[in-house]
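# Overview (structure and organization)
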Amino acid sequence: MIGELFKALLITSLAGSVLAVVISLLRPITKKIFGYSWHYYIWLCVLFVMLMPVRFNVNTTPAPNIATQTIQTQQEAVSEQPETTENVVQTAPAQKPQLLQKATVIWDRIIYNRMNILAYVWLIGAIALMLLNVLRYIRLNIEIRKNSEVISCPETGEYTDRKINVRVWENIASPFMTGVFRPMLILPKTELSGEQLDNILRHEMTHFKRHDILYKWFAEFVKCIHWFNPISWYVSKQIASECEISCDMAVTKNMTGSEEMSYVSTILSLLPTGKSKQLPLTTQMASSKKFLKRRFIMIKNKKTTSRFMSVLSAVIAVIMLSTTVFASGVLSDLTTDDYTIEILNNGEKIELTNKPFIENGEVYVPLRELFEKMGIMSNPENYINWDNGKITVSINEPSRSVNGYSEYTYQIEIGQEIRKILSNPEPINFDVLIVPPVLKDSITYIQLGSVSGVLNEIYGTHLYKLEYNIFDKNRNDITFSVTDALEIEKDLREMSDPIRTVELFFKAFYNQDFEKMKRYCTQSCVDNFFGDDYVFGMKKAMPLSIATVDNLAEKGFTDGEWIAQPKVKMIPAENSVFDPNQTETSFYLILKQQNGRYLIDEFATGL
């Protein structure tokens with residue numbers, strides 16, 4: 001979960017950084033045509049972009065790529081393409097050597113752990129910076145209340161109806177405001193003329209009415225969240241600078257030349273004699289001499305902005321914000337999965353932090369978390385142990401003892417088939433249990449059917465019934481189309497074994513799924529032996545036995561051809577060569593290898 005959050009944050013940080021760079025590069029142009037306030041508030045766009053993890057799906061295809069790609073692969077497989085075609089998709093890859101498997105496990109643990117490690121480093125850094133800012137702010141307020149004096153300043157009533165607490169503090173030279181909910185004006189403990197006090201109040205009350213302290217808090221919060229990004233520090237600094245400049249412009253907007261000189265003189269009189277002390281999350285009227293020079297130049301050369309340019313500047317700001325948010329949303333969408341898998345047990349959704357995924361045509365789920373969420377691990381005698389890629393799963397169920405045993409123990413190894421050990425050493429009678437588990441993000445994932453088979457063997461089918469729903473990015477239910485595609489992909493892998501092709505064919509034949517049966521045949525076979533509702537004169541067939549034929553070379557068959565002789569229980573089709581009352585028959589199936597798969601090419605009564 002934290003890894004996914006950090007990935008989303010990286011995208012918003014990148015989008016905000018791009019916008020900040022664009023604003024900075026355009027500044028030589030914008031400062032000539034837009035007002036000072038625009039340059040101050042435009043940074044709000046950057047801050048919002050950095051905190052808006054939006055997502056826009058620009059893909060108009062309703063189903064995810066996993067479905068369309070798999071169906072395309074199946075269509076390529078059943079067509080009679082020459083083996084030299086470049087569209088061949090390899091299936092049933094050779095098993096990796098044991099040493100390579102172990103190296104892969106170690107590499108996955110290093111790579112997938114790295115993002116989570118970075119995410120936790122980011123979180124610790126963000127929390128630490130936030131706490132540091134809060135502590136500095138609390139410390140400042142404690143010092144103010146401890147060392148300052150409350151004074152009466154009725155002049156603040158000329159600028160606001162809210163109560164402003166005013167204090168004098170001898171430790172400061174420059175006045176400032178602090179506090180969002182309880183605003184407080186701090187004045188230096190020195191004699192101020194009426195004109196100086198008026199200039200100070202004009203400046204600080206402008207900050208107050210514009211909610212500049214709240215703006216600074218927001219900027220500081222974003223900086224803490226994106227502390228790893230130097231652009232966020234740059235933006236925070238720019239906001240602080242533009243805050244004072246735009247405040248000066250607002251105060252001196254309607255001043256005469258003499259009033260401007262008085263305002264500048266007041267600021268100069270408040271300069272500290274020593275090094276300027278920076279106060280956190282406050283507004284300070286006087287700052288460094290270098291920055292004051294820039295402020296005075298801006299005051300002297302201030303210009304008015306027409307209404308048209310004000311409207312244009314607002315439009316430009318909206319366009320920049322919208323474009324950046326849209327780009328960020330598209331980028332976020334491109335980096336997320338095309339689909340979401342929801343796991344259900346007896347129709348009730350199981351909330352999983354580690355997301356299920358699809359690989360090699362199978363739905364994989366996190367083993368330990370799934371067992372914990374289903375309550376299986378609540379039994380203290382049940383356990384899952386990990387030892388360098390080897391996992392031992394032990395489940396105790398006294399109510400379903402087998403041959404005097406109630407303990408079911410399974411040995412799982414990444415990349416290897418699941419084996420039952422200890423109490424019941426005989427092989428497991430579930431085809432789905434041959435799917436090897438995988439390691440992702442240092443989490444052991446196991447194929448959903450394997451988990452279901454294990455749980456059904458131990459507890460029966462009434463207690464645990466695991467299913468899944470698949471949704472695309474728009475939350476459209478695409479379970480049926482994807483499940484069908486996954487089944488095709490699984491079949492294509494298994495068809496590297498000719499006997500498995502025959503078994504899959506007869507499974508579909510028994511269900512009278514003639515379209516599915518074509519998946520296991522060449523186009524020549526479909527053209528010559530398939531009718532509207534029958535195949536080779538049979539409407540339905542179920543194998544009673546499947547024998548293999550040896551010495552194919554002696555019978556004139558070449559390498560890549562394979563022959564089976566099934567004996568079937570069947571229902572004859574009308575007007576077929578079979579007697580209407582005949583229920584059993586046997587024949588030959590001739591299979592040819594195409595693109596690494598065995599496909600049924602011909603039905604024959606003899607060789």
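Residues numbered from 1 in each chain as written. Predicted model: local features only at pLDDT ≥ 70, side-chain atom pairs only at ≥ 80, totals over all residues. Heavy atoms only, no water.

### Let's talk about helix 5 (residues 194–209)
Taking 1.5 Å per residue as the helical rise, helix 5 with its 16 residues ought to reach 22 Å, and the 22 Å between its terminal C-alpha atoms agrees with that figure. Restricting attention to buried positions, one finds in helix 5 the residues Leu-197, Asn-199, Ile-200, Leu-201, His-203, Glu-204, Met-205, Thr-206, His-207 and Phe-208. At the exit of helix 5 stands His-211, carrying a positive phi of roughly 60 degrees. (Helix = DSSP H or I, 4+ residues; strand = E, 2+ residues; numbered from the N terminus. Expected span 1.5 Å × (residues − 1). Buried < 20%, exposed > 50% of the residue type's maximum accessible area, 1.4 Å probe, protein only.)

### Re unusual backbone geometry
In the Ramachandran plot, Asn-551 falls in the positive-phi region, its phi being about 55 degrees despite a non-glycine side chain. Among the secondary structure elements, Asn-551 is positioned in the loop between strand 17 (538–548) and strand 18 (561–572). Positive phi values are uncommon outside glycine, yet Asn-595 reaches one of about 55 degrees. Residue position: Asn-595 is located in the loop between strand 20 (588–594) and strand 21 (597–604). A relative accessible area of 8% means that Asn-595 is categorised as buried.

### Looking at empty space enclosed by the protein
Under the counting rule described, the total for this entry stands at three cavities of 30 Å³ or more. Considered as a void within the structure, the largest cavity measures approximately 70 Å³ in volume. Taken together, 10 residues form the lining of the largest cavity, with Leu-367, Phe-371, Ile-412, Ile-446 and Val-454 sitting closest to its centre. Mapped by element, the contributors of at least two residues to the lining of the largest cavity are helix 11 (367–373), strand 12 (407–413) and helix 12 (448–459). (1 Å grid on protein atoms, 1.4 Å probe; cavity = no way out; pocket = protein on both sides within 12 Å on 5 of 7 lines; lining within 4 Å. Points joined across faces, edges and corners; volume = space filled by probe spheres on them.)

### Here we look at the sheet that holds strand 8 (residues 357–359)
Sheet strands pair by backbone hydrogen bonding; their relative direction is either parallel or antiparallel. One open sheet holds the four strands; their spatial order is 8-9-15-14, and the pairing between them is antiparallel. For this open sheet the edge positions go to strand 8 and strand 14 (438–440), each flanked by a neighbour on one side alone. In this sheet, neighbouring strand axes are inclined to one another by 45 degrees on average, regardless of whether the strands run parallel or antiparallel. Relative to strand 15 (residues 443–447), strand 9 (residues 362–366) runs antiparallel, the two sharing three bridges. Note on strand 15: the bridge partner recorded for Tyr-364 is Gln-447. Docked against the sheet, helix 12 engages strand 9 and strand 15, running at close to 75 degrees with respect to strand 15. (Pairing = 2+ DSSP bridges. Axes fitted to C-alpha atoms, helices over the stretch in contact; angles between N-to-C directions. Contact = heavy atoms within 4.5 Å.)

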